[in-house]
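# Tertiary structure, described
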Amino acid sequence: MDHLHQAPKHRPDRRGVIVGGATIFGGMWLFGRSALARSTREVVEQAKDAPPKALLLLELSGGNDGLSCIVPWADDLYHGARGRVGHKAETVKKIDDYRGFHFALANMQSQWNEGKLAIVEGCGYDNPNHSHFTSQDIWHTARHTGRASGDGWIGRLMAEMHPQDKEVPHMVHVGQSLPYSLKSGSHAVVCLDQPPPYRWAAGGEDIAREGGMRRPEPGHPLEQIRSVVRNAQASSSAIRRAAAEYKPRVEYPKHDLGQDMQTAAALLQSRLGVTVMSVTHNGYDTHANQVYRHDKLMQELDGALGAFLADVRGTPSGDNIAILVFSEFGRRVPDNASMGTDHGTAGPMFLLGSPVKGGLHGKHPSLADLVDGDLKHTTDFRRVYASVLDGWLGVPNERVLGARHEPIAGVWA
Amino acid sequence: MTESSRSVETLGRSRGLPCVLPGDQANMSIRSLYFSWRASACLAFASVPVLASSACEVGAVAASTTTSAQAPLVEWNRRNAEHLLNRAAFGATDAEVDVAVARGLAASIEALFPADAKVPRPEILGLRDLPLDLERPETRLRNVEGRREGLSRLQPDLISPLNMWGDWWIERMRQSEDPLRERMTIFWHGHFVSSVKEVGNAHEMIEQLAFLRDNALGDFETLLRGVGRTPAMLAYLNNDENVKEHPNENWARELFELFSLGDGNYTEDDIKQAARAFTGWTDKEGRFLFDRIVHDFGAKQVLGRAGALDGDMVVDLALEQEACARFMAAKLLHHFEGAPASIERVEEYAAFLRANDLHIGAFLRRLFADPAFYRDEVVGRRVAPPIEWLVGNARRLDLSAPGQMVLNMGDVLGQRLFWPPSVKGWEPDMAWITTATMMYRSNMAGIMLGLVSVQGLIRDAEFDERSMGDEPMMAAAKKSRSNGLNQLAYIQDTGWKPELSLAARAKAALAVGDARLAAWLCGELLAIEVPLDSGVRGSVAAFLARERREAGIEMETQLLAHPEGEAIVRRAAHFVLSLPESQLN
């Protein structure tokens, strides 16, 4: 059946044929085109202006052990509670006379030394939930009611920032499944695990063009699927071109996170019009054998962040990327017998990139004042979101977060 | 055989303790503990005769819902017959819908619970006894990372049994002799999650899946009690390392949150105390073992009950909660109806579950005979999860797709069996649909039809050649992300081609002419009925007409007999399977 593989070859004008056939579908075809035309116009406009401000949202999924990330090396209570998985004071990269970086966070440390890393300690929320999924929903929606409250916080942000251009891929997630933070009932979101296969083969794109345009049936799941197809169609070439033509200035690590960060760098600096890029680093649920696993995660995280920052720093668009790192919770203070830690509460958040002014914010939770073995959070995580919204993207935070939150001051350069 | 005696038999069989359960001495001690607890709770201990009589009631209730004169009737027609087969089996061809319509509703439901199905012990299970078992270095590596390292070192040996099981299981789905059982096995695999990534042992995964499959349509108690003893679960949620001095909460938390009650129906303290109750549940040489030495025999308080509770007592407490039936009713309704059910509907079905010993088979019999299951908001509006979609396509195309092909396509589309993405399993509904998966679904259909080269997909000739010059760097670098595609490329490289004869089938069905052929393709390949005025059939017909003219076939009636006819019908089939309409069932 090899002739089937080659079928499109002897029909080079296939696209033309479909366009010709599109008169049958008249208005519906035009509808599809108008979305494309808008995205093209957007691209042209952006090329004229200064590069837009962008956000890279990096989620450490599974519950990052904050105490092993920013280690309170001078706290005896830490060493007492972490007899199995604790880090010895001498291995820690010291920040000050209380805390220091995990030994694998060499790039984070140099960012810190350059004044380009803001650490917000003790981030969490009232009535902490210990379920990965419920807590992720709270972080993704910035609401205690989670998904019941509607779109994700980035989805809401898009509605505020880009009320007109709903079809432009302002939100992109690199990975297999979309985090709820990018959930939007109105705006396009692009999701891909890797660029080269991000396309239809064997004439599928023409097929999809027809599949994407039918008489609207509001409320029907078909309507949602069709809009995803239109977004896919509008982004396929642009995404692959941007990734293929991108010439990174450093070599990224070969692991998934490293490669995802390279894709993120390529797309953020392209003319796609990405405002928020999302990447997930999986594997933080270290109930057992934490030492080896968390060390490896820290190494991957640091390698990927280091490569990304070295790659984008100094380019006009690269200098307009702020990175926000978060996790759905920290972990229980006392370790368990399987060399691991169970679900906990508060943990640090990080802001990095050229726009950031380094420093220590929030307050380290006291290890002497625990609730059932858990840290008490000192800073509502939405205050960090508020800083990003007010201070970086220029959107009044209450319009996205539902209620006004006091931004963390002094995190922007 | 009467309705009720038939269910007794089914139930009696599924009651059988799972292969990995008791038998050894260590187990006897926990069972006797458990028995005395049950006795003290004034619950007649579950002996076989007692169960059999309750099973009679289950059967009778189920039978009455399907035959009672008072119950509102389901209008039995092609739409509803196809709906039942979409949701309870793996879809149906036109001919299979005809059979179901002729059979009637009651018999169609009954056919989903084959009375003499042997719950076959697959040959695959024999793999456990291969010499591999004797020298399994990875079992000596007690921790997860050690297992994972062992896994990568021993991958060929460890993965191949799982691949054989996978081939066998996919073939069971495609043959659909006991389709509801296979579907529910997928459901339970996504509910009582373990992943070979963490378990690192194919035999333990197979044993757990066999246990879930044996009990897929039985009572929830057997599942909940048994799954915690499977070595795969003990490893996945670290209970094999849960000891008195510093309990590990992983299993206790997910037991409540994801397996039985749902978030909000227990406290953090319940989890901490329950974790103590499960200390000592571990495994040795692939068997469940209760290790008294590390068990915490002290007093605990869990879900409002105090005492020297052990693991089985905690399972009992979870089962007794009002929330348990509600949680499972909601999850099952959502799964089968494709959207969250109303509070009233959940309560109605939760009450039914409570009245029927949480019997899953009885629940499903009732659901399938419920007119509300056939309402417009339910029919044809559920996003088909990848494995269902792929197996359904293979069935509708009459394609004997290799199990490995379906499994790897599932991976590409976001449902990699044996490797669930998290302890919560797979996200349902629109989470399956992203910009990437809409392209990939079309491409997977194209591979099934012999139209798409996987190598061509991996190498992006359009852009990679222009910029890189040498090798396609992204594809080569992201090995883990390309796993499914690479495996599919390998299958194609071995010379696999689909054996299909769509043109001949169309001809036999008298689907001659662009419009009739388009209608036949839509009817045969789509799980949902497309309205006549939707334009779908028209666009398929227009596609056929264009293809036909390009191939120089002027007469519509000549297409199927033309040498290019099969290729053109396949491209039209690809068109149909790429449509948004194809993603629903």
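Residues numbered from 1 in each chain as written. Chains lettered and ligands numbered in written order. Predicted model: local features only at pLDDT ≥ 70, side-chain atom pairs only at ≥ 80, totals over all residues.

### Some words on the packing of helix H22 (residues 403-412) of chain B against helix H27 (residues 483-493) of chain B
All names here are of chain B. Packing of H22 against H27 leaves a shortest axis separation of 8 Å and a crossing angle of 150°. Classified by the interaxial angle, the pair formed by H22 and H27 is roughly antiparallel. As H22 packs across H27, the resulting crossing turns out to be left-handed. Contacts from Gln404, Met405, Asn408, Met409, Asp411 and Val412 in H22 reach Asn483, Gly484, Leu485, Gln487, Leu488 and Ile491 in H27. Tallied by class, the residues present in the contact of H22 with H27 amount to six nonpolar, five polar and one charged. (Axes fitted to C-alpha atoms, helices over the stretch in contact; angles between N-to-C directions. Helix = DSSP H or I, 4+ residues; strand = E, 2+ residues; numbered from the N terminus. Parallel < 35°, antiparallel > 145°, perpendicular 65-115°, else oblique. Left-handed = near helix turned anticlockwise from the far one by under 90°. Contact = placed C-beta atoms within 7 Å. Nonpolar A, V, L, I, M, F, W, Y, C, P; charged D, E, K, R; others polar.)

### A look at helix H7 (residues 132-141) of chain A
Three or four residues apart is the spacing at which side chains of an α-helix point the same way, because the helix has 3.6 residues per turn. Residues and elements named next belong to chain A. For H7, the tally of buried residues reaches eight of 10 residues, placing the bulk of the element in the interior. Inspection of H7 places His132, Ser135, Gln136, Asp137, Ile138, Trp139, His140 and Thr141 among the buried residues, and these make up the whole buried set. Packing partners of the buried residues in H7 comprise helix H8 (153-161), strand E9 (321-327) and helix H13 (381-393). Positive backbone phi, approximately 60°, marks alanine 142, located one or two places after H7. (Buried ≥ 20, exposed ≤ 12 C-beta atoms within 10 Å, placed from the backbone.)

### Topic: unusual backbone geometry
Across the chain, the bulk of peptide bonds are trans and the bulk of non-glycine residues have phi less than zero. Here asparagine 127 of chain A, not a glycine, exhibits a phi torsion of approximately 45°, which is positive. Tracing the backbone shows asparagine 127 of chain A in the loop between strand E5 (117-124) and H7. Residue asparagine 127 of chain A is classed as exposed on the basis of its C-beta count, with 7 C-beta atoms lying within 10 Å. The backbone phi angle of serine 176 of chain B is positive, close to 55°, even though this residue is not glycine. Its place among the elements puts serine 176 of chain B in the loop between helix H9 (155-175) and helix H10 (179-191).

### What about the nonpolar core?
Ranked by internal contacts, the top residues of the largest apolar core, which has 274 residues, are Leu56 and Leu267 of chain A together with Val540 and Val576 of chain B. In this view, leucine 56 of chain A contacts Ala264, Leu268, Met277, Val279, Ile321 and Ile323 of chain A; residues no more than four positions away in its chain are not counted. (Core = buried A, V, L, I, M, F, W, Y, C linked by C-beta atoms within 7 Å.)

### Describing the confidence of the model for chain A
Within chain A, residue pLDDT values average 88, and 85% of them lie at 70 or more. For the stretch residues 1-48 of chain A, pLDDT sits under 50, and the model shows 53 contacts to residues farther than four places along the chain or on other chains. (pLDDT = per-residue confidence, 0-100.)

### Some remarks on the domain arrangement of chain B
Residue and element names in this part refer to chain B. Per the domain assignment, the segments of chain B are domain 1 (10-44 + 220-320), domain 2 (117-216), domain 3 (323-374), domain 4 (386-493) and domain 5 (502-583). With 18 residues of domain 2 at the interface, the matching set in domain 4 holds 15 residues. Elements represented by at least two residues in the side of domain 2 that touches domain 4 include exactly H9, H10 and helix H11 (196-199). In terms of residue count, H9 provides more of the side of domain 2 that touches domain 4 than any other element does, eight residues in total. (Domains from an automatic or database assignment.)

### Things to note about the environment of cysteine 123 of chain A
All names here are of chain A. If you trace the backbone, cysteine 123 turns up in strand E5. Given 29 C-beta atoms within a 10 Å radius, cysteine 123 is considered buried. Residues contacting cysteine 123, with those up to four places away along its chain left out, are Ala346, Gly347, Pro348, Met349, Gly362, His377, Thr379, Phe381 and Val384.

### Some points on the confidence of the model for chain B
All names here are of chain B. Across chain B, the average pLDDT comes to 82, with 77% of residues at or above 70. Below pLDDT 50 for its whole length, residues 129-157 participates in 28 contacts with residues either more than four positions away or in separate chains. Predicted confidence for residues 466-478 stays below pLDDT 50, and this span has 24 contacts to residues more than four positions away or in other chains. Scored as a whole, the predicted complex attains pTM 0.85, and scored at its interfaces, ipTM 0.87.

### A closer look at helix H20 (residues 360-368) of chain B
The buried fraction of H20 of chain B amounts to nine of the nine residues, a majority that puts the element mostly inside the structure. Within the span of H20 of chain B, buried status applies to Ile360, Gly361, Ala362, Phe363, Leu364, Arg365, Arg366, Leu367 and Phe368 of chain B.

### Quick notes on the interface of chain B and chain A
By a widespread convention, an interface's size corresponds to the accessible area lost as its parts come together. The partner chain A presents 69 residues to the 74 residues of chain B that form the contact. The set of elements that each furnish at least two residues to the side of chain B that touches chain A consists of helix H8 (144-153), helix H15 (250-260), helix H23 (435-448), helix H24 (454-458), helix H25 (461-467), helix H26 (473-477), helix H30 (536-550) and helix H31 (565-578) of chain B. With seven residues, the top contributor of residues to the side of chain B that touches chain A is H23 of chain B. Of the residues in the side of chain B that touches chain A, the class split is 28 nonpolar, 23 polar and 23 charged.

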